[in-house]
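Each chain is listed here by its residues.
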Amino acid sequence: MTAPLPASPEAAGFDTRAFRNAVGHFATGVTVMTASADGVRAGVTANSFSSLSLDPPLVLWSIVKTSTSFPVFAAASHFAVNILAHDQIPLSQQFAKSAADKFAGIDPKIGAGGCLILPDVCAVIECARQDILDGGDHWILIGRVCGFETADHAPLLYHRGNYSLSRAHPAHPPR
(Lines give C-alpha, C1' and ligand atoms only; values in the text may rest on other atoms or scores of the structure.)
Protein backbone atom coordinates (compact mmCIF):
# COMPACT_ATOMS: atom_id res chain seq x y z
CA MET A 1 0.00 0.00 0.00
CA THR A 2 1.30 3.48 -0.85
CA ALA A 3 1.07 6.53 1.38
CA PRO A 4 -1.48 9.19 0.36
CA LEU A 5 -0.15 12.19 -1.50
CA PRO A 6 -0.02 15.48 0.40
CA ALA A 7 -2.80 17.98 -0.37
CA SER A 8 -0.23 20.46 -1.72
CA PRO A 9 2.93 19.10 -3.36
CA GLU A 10 4.77 22.37 -2.70
CA ALA A 11 4.05 22.08 1.04
CA ALA A 12 5.82 18.71 1.07
CA GLY A 13 8.89 20.13 -0.70
CA PHE A 14 7.84 18.90 -4.15
CA ASP A 15 9.46 21.04 -6.84
CA THR A 16 6.69 21.59 -9.40
CA ARG A 17 8.99 23.40 -11.83
CA ALA A 18 11.59 20.60 -11.74
CA PHE A 19 8.80 18.07 -12.34
CA ARG A 20 7.55 20.10 -15.31
CA ASN A 21 11.10 20.10 -16.72
CA ALA A 22 11.35 16.32 -16.23
CA VAL A 23 8.05 15.75 -18.06
CA GLY A 24 9.35 18.01 -20.85
CA HIS A 25 11.86 15.32 -21.76
CA PHE A 26 8.95 13.38 -23.26
CA ALA A 27 8.64 14.61 -26.86
CA THR A 28 5.06 15.18 -27.97
CA GLY A 29 3.23 16.18 -31.08
CA VAL A 30 1.62 19.61 -31.20
CA THR A 31 -2.12 19.82 -31.71
CA VAL A 32 -4.79 22.48 -31.84
CA MET A 33 -8.08 21.30 -30.36
CA THR A 34 -11.12 23.02 -31.83
CA ALA A 35 -14.84 23.06 -31.15
CA SER A 36 -17.88 25.27 -31.48
CA ALA A 37 -21.04 25.54 -29.44
CA ASP A 38 -23.91 28.01 -29.57
CA GLY A 39 -22.14 30.03 -32.28
CA VAL A 40 -18.93 30.41 -30.27
CA ARG A 41 -15.67 28.94 -31.60
CA ALA A 42 -12.81 27.76 -29.40
CA GLY A 43 -9.32 26.53 -30.12
CA VAL A 44 -6.38 25.74 -27.88
CA THR A 45 -2.87 24.48 -28.51
CA ALA A 46 -2.31 21.23 -26.62
CA ASN A 47 0.40 18.63 -26.39
CA SER A 48 -1.57 16.51 -23.93
CA PHE A 49 -3.25 14.51 -26.72
CA SER A 50 -3.09 10.70 -26.69
CA SER A 51 -4.76 7.71 -28.25
CA LEU A 52 -6.72 5.87 -25.57
CA SER A 53 -8.37 2.85 -27.23
CA LEU A 54 -8.67 1.22 -30.64
CA ASP A 55 -11.89 -0.68 -29.85
CA PRO A 56 -13.82 1.50 -29.46
CA PRO A 57 -11.67 4.21 -31.04
CA LEU A 58 -11.09 6.76 -28.25
CA VAL A 59 -8.67 9.64 -27.73
CA LEU A 60 -8.03 11.96 -24.80
CA TRP A 61 -6.55 15.35 -24.10
CA SER A 62 -6.55 17.78 -21.22
CA ILE A 63 -7.27 21.47 -20.74
CA VAL A 64 -6.38 23.59 -17.71
CA LYS A 65 -9.44 24.26 -15.56
CA THR A 66 -8.92 28.03 -15.72
CA SER A 67 -9.06 28.13 -19.53
CA THR A 68 -11.63 30.57 -20.87
CA SER A 69 -12.11 28.15 -23.79
CA PHE A 70 -13.23 25.26 -21.58
CA PRO A 71 -16.94 26.23 -21.47
CA VAL A 72 -17.13 25.87 -25.27
CA PHE A 73 -15.52 22.41 -25.16
CA ALA A 74 -17.85 21.42 -22.31
CA ALA A 75 -20.92 22.53 -24.28
CA ALA A 76 -19.83 21.18 -27.68
CA SER A 77 -20.97 17.73 -28.77
CA HIS A 78 -17.82 17.26 -30.89
CA PHE A 79 -14.24 18.44 -31.05
CA ALA A 80 -11.41 18.11 -33.58
CA VAL A 81 -7.80 17.17 -32.96
CA ASN A 82 -5.73 19.08 -35.52
CA ILE A 83 -2.22 17.57 -35.55
CA LEU A 84 0.11 20.33 -36.74
CA ALA A 85 2.66 20.06 -39.51
CA HIS A 86 6.33 21.01 -39.04
CA ASP A 87 5.84 24.45 -40.61
CA GLN A 88 2.84 25.46 -38.47
CA ILE A 89 4.60 27.03 -35.47
CA PRO A 90 2.74 30.34 -36.06
CA LEU A 91 -0.57 28.47 -35.94
CA SER A 92 0.47 26.77 -32.70
CA GLN A 93 1.39 30.14 -31.20
CA GLN A 94 -1.83 31.76 -32.42
CA PHE A 95 -3.96 29.24 -30.52
CA ALA A 96 -1.67 29.19 -27.47
CA LYS A 97 -2.37 32.83 -26.60
CA SER A 98 -5.50 34.50 -25.29
CA ALA A 99 -7.20 36.47 -28.03
CA ALA A 100 -10.66 37.78 -28.84
CA ASP A 101 -10.65 35.76 -32.08
CA LYS A 102 -8.06 33.00 -32.27
CA PHE A 103 -9.43 32.09 -35.72
CA ALA A 104 -8.51 35.47 -37.26
CA GLY A 105 -7.18 34.89 -40.77
CA ILE A 106 -8.12 31.19 -40.72
CA ASP A 107 -10.98 29.63 -42.65
CA PRO A 108 -11.66 26.28 -40.96
CA LYS A 109 -13.83 23.60 -42.54
CA ILE A 110 -16.82 22.45 -40.54
CA GLY A 111 -16.53 18.82 -39.47
CA ALA A 112 -18.72 16.36 -37.63
CA GLY A 113 -20.99 17.96 -35.04
CA GLY A 114 -19.67 21.42 -35.94
CA CYS A 115 -16.05 20.78 -34.97
CA LEU A 116 -13.52 22.96 -36.79
CA ILE A 117 -10.86 21.55 -39.11
CA LEU A 118 -7.77 23.68 -39.68
CA PRO A 119 -6.08 23.80 -43.11
CA ASP A 120 -2.89 21.95 -44.11
CA VAL A 121 -2.46 19.92 -40.89
CA CYS A 122 -0.76 16.49 -40.75
CA ALA A 123 -3.94 14.85 -39.61
CA VAL A 124 -7.32 15.71 -38.21
CA ILE A 125 -9.33 13.46 -35.92
CA GLU A 126 -13.01 14.30 -35.48
CA CYS A 127 -14.51 13.17 -32.20
CA ALA A 128 -17.85 13.03 -30.44
CA ARG A 129 -17.22 14.16 -26.87
CA GLN A 130 -17.79 11.11 -24.69
CA ASP A 131 -16.72 12.19 -21.22
CA ILE A 132 -15.04 14.88 -19.14
CA LEU A 133 -13.06 13.72 -16.12
CA ASP A 134 -11.41 15.58 -13.27
CA GLY A 135 -7.62 15.51 -13.58
CA GLY A 136 -6.24 17.73 -10.84
CA ASP A 137 -5.75 21.23 -12.25
CA HIS A 138 -6.97 20.02 -15.69
CA TRP A 139 -10.11 18.57 -17.21
CA ILE A 140 -9.56 15.39 -19.23
CA LEU A 141 -11.75 15.20 -22.34
CA ILE A 142 -12.38 11.82 -23.92
CA GLY A 143 -13.64 11.67 -27.48
CA ARG A 144 -14.98 8.82 -29.58
CA VAL A 145 -13.43 9.01 -33.03
CA CYS A 146 -16.01 9.47 -35.75
CA GLY A 147 -13.68 10.35 -38.61
CA PHE A 148 -10.12 11.21 -39.55
CA GLU A 149 -7.96 12.36 -42.45
CA THR A 150 -4.21 12.37 -42.92
CA ALA A 151 -1.79 14.24 -45.18
CA ASP A 152 1.81 13.57 -46.07
CA HIS A 153 3.37 16.32 -43.91
CA ALA A 154 6.12 15.96 -41.33
CA PRO A 155 4.76 16.65 -37.82
CA LEU A 156 5.60 19.49 -35.46
CA LEU A 157 7.02 18.24 -32.16
CA TYR A 158 7.57 19.81 -28.75
CA HIS A 159 10.49 18.73 -26.54
CA ARG A 160 12.07 20.35 -23.47
CA GLY A 161 10.25 23.64 -23.99
CA ASN A 162 11.11 24.00 -27.69
CA TYR A 163 9.60 23.15 -31.03
CA SER A 164 11.37 20.23 -32.70
CA LEU A 165 11.36 18.21 -35.91
CA SER A 166 11.10 14.47 -36.36
CA ARG A 167 13.35 12.33 -38.49
CA ALA A 168 13.76 8.62 -38.99
CA HIS A 169 16.20 6.89 -36.67
CA PRO A 170 19.17 5.55 -38.68
CA ALA A 171 19.00 2.17 -36.92
CA HIS A 172 15.35 1.74 -37.92
CA PRO A 173 14.61 3.22 -41.37
CA PRO A 174 11.00 4.07 -42.32
CA ARG A 175 8.85 1.38 -43.88
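Residues numbered from 1 in each chain as written. Predicted model: local features only at pLDDT ≥ 70, side-chain atom pairs only at ≥ 80, totals over all residues. Heavy atoms only, no water.

### Structural notes on helix α3 (residues 89-96)
Move 1: Those residues of α3 not exposed but buried are Leu91, Ser92 and Phe95. On an axial view of α3, the arc spanned by its buried residues comes to 100°, and they lie on one face. Exposed and facing more than 90 degrees away from the buried side of α3 are Pro90 and Ala96.
Move 2: Looking at the buried side of α3, the elements it contacts are β2 (31-37), β3 (40-46), β11 (156-159) and β12 (162-165). (Buried < 20%, exposed > 50% of the residue type's maximum accessible area, 1.4 Å probe, protein only. Helix = DSSP H or I, 4+ residues; strand = E, 2+ residues; numbered from the N terminus. Arc of directions from axis to C-beta. Contact = heavy atoms within 4.5 Å.)

### Some thoughts on unusual backbone geometry
Move 1: Of note, the bond from aspartate 55 into proline 56 is cis; its omega dihedral lies within 30 degrees of zero at 5°.
Move 2: For aspartate 120, which is not a glycine, the phi torsion comes out positive at approximately 60°.
Move 3: Here the phi dihedral of arginine 160 falls at roughly 55°; this positive angle occurs in a residue that is not glycine.
Move 4: Structurally, the position occupied by arginine 160 is in the loop between β11 and β12.
Move 5: Given the relative accessible area of 53%, arginine 160 is considered exposed.

### A few points about the packing of aromatic side chains
Move 1: Summed over the entire model, instances satisfying the criterion amount to six aromatic pairs.
Move 2: With a centroid separation of 5.5 Å and an interplanar angle of 15°, the aromatic rings of phenylalanine 70 and tryptophan 139 are classed as stacked. Taken together, the residues span a long stretch of sequence, with phenylalanine 70 in helix α2 (residues 70-75) and tryptophan 139 in strand β10 (residues 138-150) at a distance of 69 residues.
Move 3: By relative accessible area, phenylalanine 70 is classed as buried at 14%.
Move 4: Among the residues examined, tryptophan 139 registers a relative accessible area of 24% and is labelled partly exposed.
Move 5: Put simply, the rings of Trp61, Phe73 and Phe79 touch in pairs and so form one group of aromatic residues.
Move 6: Cation over ring: lysine 65 sits above tryptophan 139, and NZ or CZ is 4.4 Å from the ring centre. (Phe/Tyr/Trp six-rings, centres within 6.5 Å; stacked < 30°, edge-to-face > 60°. Lys NZ or Arg CZ within 6 Å of the ring centre and 35° of its normal.)

### Focus: the pattern of salt bridges
Move 1: Inspection of every chain in the model, using the stated rule, returns two salt bridges.
Move 2: The closest approach of N and O atoms between arginine 41 and aspartate 101, which form a salt bridge, is 3.6 Å. Residue arginine 41 is found in strand β3, and its partner aspartate 101 is found in the loop between α3 and β7 (109-110); the two are separated by 60 residues along the sequence.
Move 3: The exposure class assigned to arginine 41 is partly exposed, which follows from its relative accessible area of 40%.
Move 4: Assessed through its relative accessible area of 40%, aspartate 101 is described here as partly exposed.
Move 5: Lysine 65 is paired through a salt bridge with aspartate 134; the nearest N and O atoms lie 3.0 Å apart. One end of the pair, lysine 65, is in the loop between β5 (57-64) and α2; the other, aspartate 134, is in strand β9 (residues 123-135), with 69 residues separating them in the sequence. (Salt bridge = Lys/Arg side-chain N within 4 Å of Asp/Glu carboxyl O.)

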